[in-house]
Amino acid sequence: ASPAFGFSSCGRNYCHHLAMKSFARVLVGAAVVGFAAGETVTPVQKVIQLLQNMLTKGQEEKHAEQVQFAAFKQFCDDTSTEKKRSIKEAEETIEVLKADIGKYTSDSSQLTKEIAGHDEDVSVWTGDKKAATKVREIEKTDYDAMHKDYSESVDALTRA
């Protein structure tokens with residue numbers, strides 16, 4: 001869980017890095033003085049060479065990490081922007097859908113009232129139809145009785 005680029009928030013690693021650079025310079029200076037005196041490669045010079053190689057490798061790794069971090073940061077920024085846009089669009093859609101729900105609820109209430117009115121009309125008309133049917137049946141019975149009576153009377157008159 002080390003911070004980006006190997007530097008802590010208080011900069012201790014960075015200070016350590018500077019100290020190592022200074023130490024490496026001192027060792028290089030000592031090696032140059034020893035080399036100028038005509039000596040062969042000494043253990044100190046080998047250490048200096050190793051430290052220089054480590055420094056070069058560390059700088060290369062730091063650069064690679066910076067490049068990788070920049071790419072990751074760009075990805076995160078792009079993703080964040082895309083997600084924020086998607087959230088904004090979803091919130092707008094939610095608002096539109098809430099408005100639609102309110103409208104449809106209102107329409108549903110109005111239509112429910114109208115249906116209740118129509119159901120009442122149908123009920124009244126059904127009752128009227130039943131009453132009219134009974135009246136027609138009574139009138140038919142009366143007509144049939146009267147027709148029979150008139151038919152018998154006409155028959156009696158034709159026979160007389």
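Everything discussed here concerns the structure shown above.
Here the structure is a predicted model, which is why all the values come from computation and not from measurement.

Next up on the list: the overall build of the chain. Across its full length, the chain holds two helices and zero strands. Expressed as a percentage of its 160 residues, the buried residues of the chain come to 5%. Summing over all exposed atoms, the chain offers an accessible surface of approximately 13,600 Å²; the carbon and sulfur share of this is 63%.

Moving on, we get to a nonpolar patch on the surface. Taken together, the side chains of V122, V124 and W125 make up a nonpolar region of the molecular surface, amounting to roughly 320 Å² of accessible area. Tracing the backbone shows W125 in helix α2 (residues 43-159). For W125, a relative accessible area of 57% gives the class exposed.

Right, let's get into α2. Under the 1.5 Å per step criterion, the end-to-end length of α2 is 162 Å for 117 residues, consistent within 8% with the ideal 174 Å. Looking only at α2, the buried set comprises Q45, I48 and L51.

The rules behind the values
Residues numbered from 1 in each chain as written. Predicted model: local features only at pLDDT ≥ 70, side-chain atom pairs only at ≥ 80, totals over all residues. Heavy atoms only, no water. Helix = DSSP H or I, 4+ residues; strand = E, 2+ residues; numbered from the N terminus. Buried < 20%, exposed > 50% of the residue type's maximum accessible area, 1.4 Å probe, protein only. Areas by Shrake-Rupley, 256 points an atom, 1.4 Å probe, with all protein chains shown as cover. Patch = residues over 30% accessible without salt bridge, like charges linked within 9 Å, V, L, I, M, F, W, Y side chains within 5 Å. Salt bridge = Lys/Arg side-chain N within 4 Å of Asp/Glu carboxyl O. Expected span 1.5 Å × (residues − 1).

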